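Observations on chain architecture
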Amino acid sequence: NDPPSRRVIVSEKSKLVYCPLPKVTSSNWKYLIRKWEGFEDYADLEKAHSYTDSGLRYLADYAPDEIDAILASPHYFKFAFVRDPYRRAL
């Protein structure tokens, strides 16, 4: 299994840290983040879902001290979406 940091997307340009979860609007957010980052082929969802070809930066791409700084920074908006959050919290 991949470490969780390999799934978390970081957009330095938009100051976002996004943790995509399967079947919870992750395609749309990868599309938007790739568009905001300026990729001409941002609509290519096959590429957007590829860890190696998407062009996106992942938390795992950073050094441990950079990860700490990004996660602690009030300048980055950190988010994830879940299905039926009330049911999952119980």
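The structure under discussion appears in the preceding block.
Computed from a prediction, not measured in an experiment: that's the story for all the values here.

With that out of the way, let us pick up the environment of Leu45. Tracing the backbone shows Leu45 in helix α2 (residues 45–48). On a C-alpha basis, the gap between Leu45 and Tyr18 in space is 17 Å, while along the polypeptide they are 27 residues apart. With near-sequence residues (within four places) excluded, Leu45 lies in contact with Ser27 and Tyr31.

Attention now moves to helix α1 (residues 26–37). Each turn of an α-helix holds 3.6 residues, which means side chains three or four residues apart point in the same direction. In this model, α1 (12 residues) spans 16 Å end to end at C-alpha, consistent with the 16 Å of a helix rising 1.5 Å per residue. Within α1, burial applies to Ser26, Lys30, Ile33 and Arg34. Projected onto a plane normal to the axis of α1, the buried residues spread over an arc of 100° and lie on a single side. Gly38 occupies a position one or two residues after α1 and carries a positive phi of about 95°.

The rules we used
The written sequence of each chain sets the order in which its residues are numbered from 1. A pLDDT threshold of at least 70 governs which residues receive local features in this predicted model, and a stricter bar of 80 or more applies before side-chain atom pairs are shown or counted, although totals over entire chains, interfaces and linings include all residues. Based on all heavy atoms of the structure, the side-chain values leave hydrogens and waters out of the count. A helix here means a DSSP run of H or I that spans at least four residues, while a strand means a run of E at least two residues long, and both kinds are numbered starting from the N terminus. Note on contacts: a residue pair qualifies if any of its non-hydrogen atoms lie within 4.5 Å across the two residues. Here the expected length of a helix is defined as 1.5 Å per residue gap, with one fewer gap than residues. Burial classification: accessible surface area is computed with a 1.4 Å probe over protein chains only, and a residue below 20% of its type maximum counts as buried, one above 50% as exposed, and the rest as partly exposed. This arc is taken over the directions from the axis of the helix to the C-beta atoms.

Shape descriptors only; they carry no functional weight alone.
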